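Close look at the chain arrangement
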Amino acid sequence: MSSLSVIVPVFNEQDFLSESLDRLISTNIANQILICDDGSKDNSLEIAENYKKKHPNVVVLTKQNNEGKGSALHIAKEAITSEFVVIHDADLEYSPNDLLEMLKLAERNKNYLILGSRFIGSKIRKNIYKRTLYANKFMSAFFSFVHNIAVSDVATCYKMMSSENFLKLNLNEKGFAIEIEILAKFLKVGAGVKEVPISYEGRTYQEGKKITSKDGLRYLFTTIKYRIN
């Protein structure tokens, strides 16, 4: 099987980071785990450093100031050593077991972005809020229309591609709109997008969910911005 680098952006995830990393490590799929701490104010960085001491494939990268998920992804680029790369959020909403199927598809389609969709297939999904569901479906339909491609879940965390293609992406967004920028810019360097059903268990804002309606508006603006640019 091809090698895989997993980028884990982190900001104040002390309550979830250990279990999230344990789940990821238990799959034995990651040749390299890049924990990118985006200026956490809690014990997230300490937790990450402890995993680095125990696991030789764990790399910890840090930023002094919090700027957003996109900013955390930026610092991972120069550290990637594997053939493929994927993003895995530090919370417990996604199951790293789904990465195995995604990697198999990526190996057969090396010039495609493999997107883990929460809205196709029959995988187990829990705690999907109606407002989030409808907003995501609208944003996905809007992106599909603007970019002339069928994509069911633009806001999904799980986006896998060859490291060669990832390094071609000149990414600028610092916040959650990085999800749109990655897709839009990949379409200009890669062959297209292939989707794989994934499982999902949403968390509440009380549990630390960070994306807001303002981010949704930014998604729409960014969809147009990177179609033109």
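Our structure's up above, just so we're on the same page.
Residues numbered from 1 in each chain as written. Predicted model: local features only at pLDDT ≥ 70, side-chain atom pairs only at ≥ 80, totals over all residues. Heavy atoms only, no water.

**Some thoughts on the overall build of the protein chain**
Tallying secondary structure elements over the protein chain gives 8 helices and 9 strands in all. The C-alpha radius of gyration of the protein chain comes to 16 Å, within 12% of the 17 Å expected for a compact globule of 229 residues. Its C-alpha atoms give the protein chain principal-axis dimensions of roughly 45 × 40 × 35 Å. Taken across its 229 residues, the protein chain has 54% of its residues classed as buried. Only carbon and sulfur atoms are counted for the fraction: they give 51% of the accessible area of the protein chain, which is about 10,700 Å². (Helix = DSSP H or I, 4+ residues; strand = E, 2+ residues; numbered from the N terminus. Rg over C-alpha atoms; globule rule 2.2 N^0.38 Å. Buried < 20%, exposed > 50% of the residue type's maximum accessible area, 1.4 Å probe, protein only. Areas by Shrake-Rupley, 256 points an atom, 1.4 Å probe, with all protein chains shown as cover.)

**Looking at the pattern of salt bridges**
Following the criterion strictly, the structure yields 14 salt bridges and no others. One salt bridge in this structure joins Lys69 and Glu179, with 2.5 Å as the shortest N-O distance. A residue pair is termed long-range when its members are at least 10 positions apart, and Lys69 in helix α3 (residues 69-74) and Glu179 in helix α7 (residues 178-189) qualify at 110 residues. Across the pair Glu101 and Lys123 runs a salt bridge whose closest N-O atoms are separated by 4.0 Å. Of the two residues, Glu101 is situated in helix α4 (residues 98-108) and Lys123 in the loop between β5 (112-117) and β6 (125-126); the sequence distance between them amounts to 22 residues. Judged by its relative accessible area of 41%, Glu101 falls in the partly exposed class. Within this structure, Asp38, Lys63, Glu67 and Lys174 form a network of salt bridges that share partners. (Salt bridge = Lys/Arg side-chain N within 4 Å of Asp/Glu carboxyl O.)

**Concerning α4**
Residues lying three or four places apart along an α-helix face the same way, a consequence of the helix completing one turn every 3.6 residues. Restricting attention to buried positions, one finds in α4 the residues Asp98, Leu99, Met102, Leu103, Leu105 and Ala106. Along the long axis of α4, the arc covered by the buried residues comes to 165°, so they all point the same way. (Arc of directions from axis to C-beta.)

**Side note on the sheet that holds strand β3 (residues 58-63)**
The 7 strands are arranged β3-β2-β1-β4-β7-β5-β8 in an open sheet whose pairing can be described as mixed. Because the sheet does not close on itself, it has two edges, and the strands there are β3 and β8 (192-197). Within this sheet the neighbouring strands show an average axis-to-axis angle of 20°, counted without direction. The pairing of β5 with strand β7 (residues 159-162) spans 2 bridges and is classified as antiparallel. Residue pairing in the sheet places Leu115 in a bridge with Lys159 of β7. Strand contacts of α4: β1 (4-10), β4 (84-87), β5, β7 and β8, with the helix running at about 150° to β8, the strand carrying the most contacts. (Pairing = 2+ DSSP bridges. Axes fitted to C-alpha atoms, helices over the stretch in contact; angles between N-to-C directions. Contact = heavy atoms within 4.5 Å.)

**Examining the nonpolar core**
Of all hydrophobic cores here, the largest spans 64 residues; its most connected members are Ile7, Met160 and Ile182. With 6 residues, the single largest contributor to this core is α7. When residues no more than four places from it in sequence are discounted, the contact partners of Met160 are Leu4, Val85, Val86, Leu99, Met102, Leu103, Ala106, Tyr112, Leu113 and Ile114. (Core = buried A, V, L, I, M, F, W, Y, C linked by side-chain atoms within 4.5 Å.)

**With respect to the packing of aromatic side chains**
Applying the stated rule across the entire model yields 3 aromatic pairs. Their ring planes at 45° and their centres at 5.0 Å tell us that Tyr94 and Tyr158 sit as a pair that is tilted. With Tyr94 in the loop between β4 and α4 and Tyr158 in the loop between α5 (130-147) and β7, the pair connects residues that are 64 residues apart, well separated along the chain. For Tyr94, a relative accessible area of 4% gives the class buried. Note on Phe138 and Phe142: the rings are 6.3 Å apart at their centroids and 15° apart in plane angle, and the pair reads as stacked. (Phe/Tyr/Trp six-rings, centres within 6.5 Å; stacked < 30°, edge-to-face > 60°.)

**Some remarks on the pairing of β7**
Side-chain positions along a regular strand alternate between the two faces of the sheet. Pairing analysis gives 3 bridges linking β4 to β7, with the strands arranged antiparallel. Each residue of the ladder has a partner; that of Val85, found in β7, is Met161.

**A closer look at unusual backbone geometry**
Although it is not a glycine, Asn12 sits at a positive phi angle of roughly 50°. Tracing the chain through its elements places Asn12 in the loop between β1 and α1 (17-26). Assessed through its relative accessible area of 29%, Asn12 is described here as partly exposed. The backbone phi angle of Asn148 is positive, close to 55°, even though this residue is not glycine. Looking at the secondary structure, you find Asn148 in the loop between α5 and β7.

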